[in-house]
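# Commentary on secondary and tertiary structure
Here is how the chains run, residue by residue.
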Amino acid sequence: MTMGKGGSLNRSDPKLFPTWARDVQDCLNEFKVEKDVGLTSDEVECRREIYGLNELEKLEGPSIWRLVLDQFNDTLVRILLAAAVISFVLAWLDGDEGGEMGITAFVEPLVIFLILIVNAIVGVWQESNAEKALEALKEIQSEHANVIREGKRFPNLPAKELVPGDIVELRVGDKVPADMRVLSLISSTVRFEQGSLTGESEAVNKSNKVVPADTDIQGKRCMVFAGTTVVNGHCICLVTQTGMNTEIGKVHSQIHEASQHEEDTPLKKKLNEFGEVLTMIIGFICLLVWLINVKYFLSWEYVDGWPRNFKFSFEKCTYYFEIAVALAVAAIPEGLPAVITTCLALGTRKMAQKNALVRKLPSVETLGCTTVICSDKTGTLTTNQMAVAKLVGMGGNKGSIRTLKVEGTTYSPFDGSIHDWPAGRMDSNLQMLAKIAAVCNDAGVTQSGAQYVANGMPTEAALKVLVEKMGIADGFDHSSSGSSDSVLRCCQHWNGIAHRIGTLEFDRDRKSMGVIVKSDSGKNSLLVKGAVENVLERSTHMQLLDGSVVQLDQNSKDRILRVLREMSTSALRCLGFAYKEELADFSTYDGDEDHEAHKLLLNPSNYSSIESDLIFVGLVGLRDPPREEVHKAIEDCRAAGIRVMVITGDNRNTAEAICREIGVFESKEDITTKSLTGKEFMELRDQKTHLRQSGGLLFSRAEPRHKQEIVRLLKEDGEVVAMTGDGVNDAPALKLADIGIAMGIAGTEVAKEASDMVLADDNFSTIVAAVGEGRSIYNNMKAFIRYMISSNIGEVASIFLTAALGIPEGLIPVQLLWVNLVTDGPPATALGFNPPDNDIMKKPPRRSDDSLISPWILFRYLVIGLYVGLATVGVFIIWFTHSSFLGIDLSGDGHTLVSYSQLSNWGQCPSWENFNVSSFTAGSQVYSFENNPCDYFQTGKVKAMTLSLSVLVAIEMFNSLNALSEDGSLLTMPPWVNPWLLVAMSVSFGLHFLILYVPFLAQVFGIVPLSVNEWLLVLAVALPVILIDEILKFVGRSTSAFRYSHRRKTLKTKEE
């Protein structure tokens, strides 16, 4: 051992001295302290300098500026930012000309900057909430401690001032202030509720006895841990670890570590990949546009075979720079973040109706591709409410035993009944059993709203519920009891008959509890309940069905023990019941402290002799029963291709029995390779191979680090992991999992803050319902992402064709921004309301590496995109070159027609001779070009631009109908299956009319009102998009079987 200042020990490594494996005196010597005296002030100060305060560190998270910068670590966002900066600079350079068009030029960069700012604010807000779990962890720490120092008691010493070596006294209700070694028990027993830290379903008895050095956390019966609670008893302890070295401190570090490794959701990864591809496509198209048009801004002459006399036009260069910006704006679906957020928010509302409360929006989508659910057992798969499952009474003769099945999974006395129960004719044996269960009991059950809540030990509360189900022999009507103050009327009846005057507390050695009761006749008797083997060992007689008492021979004992073994293998916790009529020393005892027999009760070592020569009555089997709906939920998981792994801190036998009952394992399945303790799993050589086994897996006696390691390995193997938990011990794994799911009722605040989703009803089947909802939401998101991307492909095609053909630009960036943000938004959001497929939970989960857009879908949208490009550019050319189209007269406004050759070479207009243009009307405006006829291709293109924009909007509205189904025809899935989409289309058309017919807005967007004939042209050009996609869908349906089998072969080859 190494020494610190002042002679105290520098033991930052807990492995240096395993206090649980050393006896009390060794521990006191190691910490240089006396049990009755404690540390001196000087020793406390020296140790505090070494160990610091007994509190959890405030781990610094990333700064606000770091969080802001992280929001721009996204390819799509960077492209937008670059486009906005370039656009702003160009607007600034053009600003010298002034006027309204100058203002219009600034609208676009400002809107893009606004999108980026809102996106950053939302991102920072979500990430700043991530560290709340660490704050919640601090709240479960004790604030005060009862400490012995310098031989004096300090009853309210601030817990943060504790140091290793301090002597602390713990009583019922105290919260443990640090990790401590039990030195001595003042009461006969002491029990701690440590389930939130270790996952155990019951309170744990503690003693000062040594355990092996390699014992897991649940087995350290002589250690108590910070943050746990004393449920009964009184003991003296030695502080061994404080602050970050405690078990709860380790959890704190693990949560912080897990929060540093949070990964993007599967959808975010797909969008990032898409952004990178988009960057390359934009770069390539920009380069191509520049190469096609380089002749317009850079020219030269050849002299002696060498290029000379270079001429560079800055004005033309910036024009094509603007085209590059327009391409970036066109290619990026700016409205996508807002639509995704809206769809996820709507999804959270749907999930809330199913008792799944989503804390982090992206987790809605992640749920949809969950491949493994790692579930805690206690409280999630089970009710976390002890219930009696079997009642065993004695028969009519020595050799017979009666076993009755008891229904019910909660603390409600009205939940279930007892099979083959002799209603109103309860025999003497069952009456005695009910009496002992009701009177030898310190628990209570109260009604809180519709719920029934246990007060005290869960096993004792379950016994009281059993008594209510048994009723009273004389036909006492307990079904009429509905008010909360009469929940336990039968128990009150038995307590009225047998008045409790003395208690023999439970202790670990004799494993039983006894009460001395006085009957109405004044006769005293002893009622005992406890571990069946121990009660049976101290029994000499047994009570038969009719109440007669006979000798308990070896055959009867063997028969009872056989029943006990059968019940124990079914993971039932068994309690035996016995009584004693002849109480020599206590026959006249009335509870008076001056009575001679009272002294015997003060010394627990006398209890075994008092509880001797008992009359055995019967036994019960209790358990934390599985939830009724869990079996079906696990079947649904299996059908949906989701594997279920149970990770619990409880013991192996109990966990295996529950797993067989709920369907994680088959009833006769060999599970020797599928059921391991956490320690056994950590010792495996090839852990990933174990986790890859098909079907369910079970890990019992699991510690927090085991849970974390299992989640980490599964994620490394490409699984999308949902992890459930309720305790402090679950928080690190909840944080690390792709989606952490905490329990709303039984969950600690630490678990809730570390989670992505909270189950309001603590029910496993709610997770399965939420997964189905997540899948539906993802399918709908995929539909609107494809819809928006296909629209963007059309816009890119339009700008590319414009640049390639050399005609004036038909769509300017501010118009594209309006379409992407506002016009496309409502239909895309409405696609989020598409009804789910009926077989959504019959399909396997999508692979995390599945592409968002398959090659066939990409081809389809390239075809649609090409049509959008041709339609928008085509209608622009038609207006300039044709007086009518498809019988629609376009000459009404009086505009001048030009040839296609003139339109594509408009830059050479100043050199044309005798080129004249007549004025034309657009709405209430008259456009005249007497002074500069060439301005017809710039200012005069306003009508042609309006037609292009209107065709783009109309095509995208009709294209949203195509997005209702990936391959389904509109004949089988008509528009009215999603009425919201029809409403959204109306809203989008309404918004388009708004900017067309409100003069100020029309001026901002550089457009003019259209006539009826011009609207007919728009519809004639736009409607064919439905027909084209219907043909493509038909081809898709016809070839789907071939493409699916080819994809499976490709995946199989990859896996091999």
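Residues numbered from 1 in each chain as written. Predicted model: local features only at pLDDT ≥ 70, side-chain atom pairs only at ≥ 80, totals over all residues. Heavy atoms only, no water.

For the chain, the name recorded in an unreviewed UniProt entry is P-type Ca(2+) transporter, with Kingdonia uniflora as its organism. Taken from UniProt, the Sequence similarities (unreviewed entry) comment for the chain reads in full: "Belongs to the cation transport ATPase (P-type) (TC 3.A.3) family. Type IIA subfamily." The heading Subcellular location (unreviewed entry) in the UniProt record of the chain holds the text "Membrane". (UniProt positions renumbered as here; feature names shortened; annotations may be inferred.)

With that settled, the discussion passes to the overall build of the chain. Within the chain, the regular secondary structure consists of 36 helices and 34 strands. Classification of the 1056 residues of the chain by burial places 55% in the buried group. Partitioning the contacts of the chain with sequence separation of at least 6, the portion at a separation of at least 24 is 71%. For the chain, the exposed area adds up to about 45100 Å²; of that, 55% sits on carbon and sulfur atoms. (Helix = DSSP H or I, 4+ residues; strand = E, 2+ residues; numbered from the N terminus. Buried < 20%, exposed > 50% of the residue type's maximum accessible area, 1.4 Å probe, protein only. Contact = heavy atoms within 4.5 Å. Areas by Shrake-Rupley, 256 points an atom, 1.4 Å probe, with all protein chains shown as cover.)

Let us look at the UniProt feature "transmembrane region" (unreviewed entry) in the chain. UniProt marks residues 75–93, 105–125, 277–298, 318–346, 857–880, 976–995 and 1015–1035 with the feature "transmembrane region" (unreviewed entry), using the numbering shown here. Regarding residues 976–995, the helix share stands at 85% and the strand share at 0%, and the terminal C-alpha atoms are separated by 28 Å.

Both strand β14 (residues 387–394) and strand β15 (residues 401–405) contribute to a ladder of 5 bridges, which runs antiparallel. The residue of β15 that forms the bridge with Gly-393 is Arg-402. Here β14 hands over to β15 after 6 residues, the two strands then running antiparallel side by side. (Pairing = 2+ DSSP bridges.)

A cluster of acidic residues, Asp-590, Asp-592, Glu-593 and Asp-594, forms a negative patch at the surface. Here Asp-592 lies in the loop between β23 (573–580) and α18 (598–602). (Patch = residues over 30% accessible without salt bridge, like charges linked within 9 Å, V, L, I, M, F, W, Y side chains within 5 Å. Salt bridge = Lys/Arg side-chain N within 4 Å of Asp/Glu carboxyl O. Lys, Arg positive; Asp, Glu negative; His and termini not counted. Charge placed at Lys NZ, Arg CZ, Asp CG, Glu CD.)

Attention shifts here to the nonpolar core. Most often, soluble globular proteins keep nonpolar side chains buried together rather than apart. In this structure, Phe-764, Phe-784 and Phe-880 are the most contacted members of the largest nonpolar core, which totals 148 residues. Counting residues per element, this core draws most heavily on helix α27 (residues 764–805), at 17 residues. Two domains share this core, each providing at least three of its residues, namely domain 1 (16–261) and domain 2 (366–382 + 627–762). Judged by nonpolar contacts, the second largest core, of 47 residues, contains Val-406, Ala-434, Ala-438 and Ala-462. (Core = buried A, V, L, I, M, F, W, Y, C linked by side-chain atoms within 4.5 Å. Domains from an automatic or database assignment.)

So, on to the state of the cysteines. In total, this model carries 1 disulfide according to the counting rule given. Each disulfide pairs two cysteine sulfurs, and for Cys-909 the partner residue is Cys-934, the sulfurs being separated by 1.9 Å. Because the sign of the S-S torsion sets the handedness, a value of about -90 degrees for the bond joining Cys-909 and Cys-934 places this disulfide among the left-handed ones. Of the two residues, Cys-909 sits in the loop between α31 (900–904) and β33 (920–922) while Cys-934 sits in the loop between β34 (925–927) and α32 (942–962), which places them 25 residues apart along the sequence. (Disulfide = S-S within 2.5 Å.)

This paragraph deals with helix α13 (residues 428–439). With 12 residues, α13 ought to run about 16 Å at 1.5 Å a step, and its terminal C-alpha atoms sit 16 Å apart, in line with that. With 10 of 12 residues buried, α13 lies mostly within the body of the structure. Within α13, the full set of buried residues consists of Asn-429, Leu-430, Met-432, Leu-433, Ala-434, Lys-435, Ile-436, Ala-437, Ala-438 and Val-439. Residue Asp-427 occupies the N-cap position of α13, its side-chain oxygen lying 3.2 Å from the main-chain nitrogen of Asn-429. (Expected span 1.5 Å × (residues − 1). Polar contact = N/O pair within 3.5 Å; in protein donor to acceptor, adjacent residues only side chain to side chain.)

Quick look at unusual backbone geometry now. In this structure, Asn-355 is a non-glycine residue whose phi angle is positive, near 75 degrees. Mapping Asn-355 onto the fold places it in the loop between α11 (336–353) and β12 (356–358). The phi torsion at Arg-701 lies on the positive side, around 50 degrees, for a residue other than glycine. Within the secondary structure, Arg-701 is located in the loop between β27 (697–700) and α24 (704–716).

The next subject is the sheet that holds strand β1 (residues 144–149). Within the open sheet, the 6 strands sit side by side as β2-β1-β3-β9-β4-β7. Their pairing is antiparallel. The strands lining the two open edges of the sheet, one partner per strand, are β2 (152–158) and β7 (223–224). Pairing geometry for β1 and strand β3 (residues 167–170), over 3 bridges, is antiparallel. Within β3, the residue paired with Ile-148 across the bridge is Ile-167.

Here the focus is the packing of α32 against helix α33 (residues 979–997). The geometry of α32 relative to α33 is characterised by a closest axis approach of 10 Å and an angle of 175 degrees between their N-to-C directions. One way to sum up the angle between α32 and α33 is to call them roughly antiparallel. Along its contact with α32, which presents Thr-946, Leu-949, Ser-950, Val-953, Ala-954, Met-957, Ser-960 and Leu-961, the element α33 presents Leu-981, Leu-982, Met-985, Ser-988, Phe-989, His-992, Ile-995 and Leu-996. Split into classes, the residues belonging to the contact of α32 with α33 amount to 11 nonpolar, 5 polar and no charged. (Axes fitted to C-alpha atoms, helices over the stretch in contact; angles between N-to-C directions. Parallel < 35°, antiparallel > 145°, perpendicular 65-115°, else oblique. Nonpolar A, V, L, I, M, F, W, Y, C, P; charged D, E, K, R; others polar.)

Time to look at a nonpolar patch on the surface. Residues Leu-1027, Ile-1031, Phe-1034 and Val-1035 make up a contiguous nonpolar surface patch of about 390 Å² in total accessible area. Its location among the elements puts Val-1035 in helix α36 (residues 1024–1055). Overall, the relative accessible area of 34% leaves Val-1035 in the partly exposed class.

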